[in-house]
Amino acid sequence: MAARADATGWARTCGWTGRRPMARTTAPATSTRLSVLKTYKLFIDGAFPRTESGRAYPITAADGTLLANACRGTRKDIREAVRAARKAQPGWSARSAFNRSQILYRIAELMEGRRDQFVAEVMAAEGLGRRPATRVVDAAIDRWVWYAGWADKFVQVLGNVNPVAGPYFNFSIPEPTGVVGLVAPESSSLVGLVSRLAPVVVSGNTVVVIASESRPLPAVSLAEVIATSDVPAGVINVITGLRRELVTHLAGHMDVNGLDAFGLARADLTAVEELATENVKRLSRPPVAGLDHYNWLRPAAQSPYLIADFVEVKTVWHPIGA
């Protein structure tokens, strides 16, 4: 008994109370923790596969710091993305305009929830300070909302009831082109991409995006938002990689109905135009002055007439009284 009392007294002196110690809630001060690095993949048919080639290329920040390795997409990845877009297009175009509006608004909701992440990625990718990067991200979010509002209105602007000489009704109705390839702007990694992507999908087209080659990370994060929103699989597909290996394959693909080359360098435009003529693709060209000084935040960067770039106008005649 005396020995037990001595042991108990020693234990209390050392701070032991007789109860089991609580689980440690913080790491010891001397420990170091490795951050969990993000793996940036392609986005095809609602999933995030690695490129079939297994290749990657380094992505650096504006100051030269290594940020990540991105997948170096291939011709086969383009084919898989086009196949997914074609499969999804009939269902997406058949949805009501109101439903497409809801889905685009949902993208904006989810981007708002990840706003700080997008700000950090734009700061790193484009070398912007926090305040201008925040303006860029806010503009990208607001642009989804703006085009969501046009989903059930652009038909009234682009369509018409035409006067004709005869006892007929004559209607012009815009319909989606189909599968559209999109070459994202190189320097504007987020708001430039959203500014070209939203007017294409709002009308019922499906899209294969070639992301910015040097700044693809915000585009992949946007794909993660799209994957967790209500956008059906295959409606938007994002490929990262070297443009010289991807753009010509997308431009020459016979199952692509339109090509948004607004983000393409004008020096590469001639070769792309020649490939696009093979199946008479609708083509949106880059500005004559280039994109170096293009202001993506100005009001002209969003317009219902950008929706018109990738719709086909169907004219219907109907006898009066029939």
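Going by the structure above, here's the rest.
Below, the structure is looked at part by part. (Residues numbered from 1 in each chain as written. Predicted model: local features only at pLDDT ≥ 70, side-chain atom pairs only at ≥ 80, totals over all residues. Heavy atoms only, no water.)

### A few points about the packing of helix H2 (residues 75-94) against helix H9 (residues 243-252)
Following both chains from N to C, one finds H2 and H9 inclined at 40 degrees, their axes separated by 9 Å at the closest point. Considered as vectors, H2 and H9 are oriented oblique to each other. Judged by the sense of rotation from one axis to the other, the crossing of H2 with H9 is right-handed. Along its contact with H2, which presents Arg 75, Ile 78 and Val 82, the element H9 presents Leu 246, His 249 and Leu 250. Per-class residue counts for the contact of H2 with H9 are four nonpolar, one polar and one charged. (Axes fitted to C-alpha atoms, helices over the stretch in contact; angles between N-to-C directions. Helix = DSSP H or I, 4+ residues; strand = E, 2+ residues; numbered from the N terminus. Parallel < 35°, antiparallel > 145°, perpendicular 65-115°, else oblique. Left-handed = near helix turned anticlockwise from the far one by under 90°. Contact = heavy atoms within 4.5 Å. Nonpolar A, V, L, I, M, F, W, Y, C, P; charged D, E, K, R; others polar.)

### A short note on helix H3 (residues 97-113)
Between its terminal C-alpha atoms H3 stretches 25 Å, which fits the 24 Å expected from 17 residues at 1.5 Å a residue. Among all positions in H3, only Arg 100, Ser 101, Ile 103, Leu 104, Ile 107, Ala 108, Leu 110 and Met 111 are buried. Lining the buried residues of H3 we find H2, helix H4 (115-126), helix H5 (130-150), helix H7 (191-201) and helix H8 (217-228). (Expected span 1.5 Å × (residues − 1). Buried < 20%, exposed > 50% of the residue type's maximum accessible area, 1.4 Å probe, protein only.)

### Digging into the packing of H4 against H8
Contact geometry for H4 and H8: axes closest at 9 Å, N-to-C directions at 160 degrees. Classified by the interaxial angle, the pair formed by H4 and H8 is roughly antiparallel. The chirality of how H4 crosses H8 is left-handed. Here H4 contributes Gln 117, Phe 118, Glu 121, Val 122 and Ala 125 to the contact with H8, which in turn contributes Leu 217, Pro 218, Ser 221, Leu 222, Glu 224 and Val 225. Its residues placed into classes, the contact of H4 with H8 shows seven nonpolar, two polar and two charged.

### As for the sheet that holds strand E5 (residues 179-183)
Taken together, the five strands give an open sheet; going across it, the order is E7-E6-E5-E8-E9, and neighbouring strands pair in parallel fashion. Looking at strand neighbours, the two that pair on one side only are strand E7 (236-239) and strand E9 (282-284), the edges of this open sheet. Taking each pair of neighbouring strands and ignoring which way they run, the sheet shows an average axis angle of 15 degrees. Strand contacts of H9: E5, strand E6 (206-210), E7 and strand E8 (258-260), with the helix running at about 155 degrees to E6, the strand carrying the most contacts. (Pairing = 2+ DSSP bridges.)

### Points about unusual backbone geometry
Despite not being glycine, Asp 45 has its phi angle at roughly 55 degrees, a positive value. Along the chain, Asp 45 falls in the loop between helix H1 (2-13) and strand E1 (56-60). Located in the positive-phi region is Val 280, a residue other than glycine, with phi close to 55 degrees. Within the fold, Val 280 resides in the loop between helix H10 (269-276) and E9.

### Some thoughts on the pairing of E6
Along E6, five of the five residues are buried, which leaves the element largely enclosed by surrounding structure. Burial of E6 is two-sided: the residues Thr 206, Val 208 and Ile 210 facing one way and the residues Val 207 and Val 209 facing the other way are all buried. Where E5 lies against E6, five bridges are found, and the strand directions are parallel. Looking at E6, one finds that Val 180 is bridged to Val 207. Note that the unit made of E5, H7 and E6 has a crossover that is right-handed. Of the pairings in the sheet, the one linking E6 to E7 comprises four bridges and is parallel in character. Counterpart to Ile 210 in the pairing with E7 is Ile 239. As a crossover connection, the stretch from E6 through H8 into E7 is right-handed. (Right-handed = clockwise from strand over helix to strand, strands pointing away.)

### Details of the sheet that holds strand E10 (residues 311-319)
One open sheet accounts for three strands, arranged E3-E4-E10; its pairing is antiparallel. In this open sheet, the two edge strands, each paired with only one partner strand, are strand E3 (160-161) and E10. Examined bridge by bridge, E3 and strand E4 (residues 168-176) share two bridges and lie antiparallel to one another. Bridge pairing in E4 places Asn 160 opposite Ser 172.

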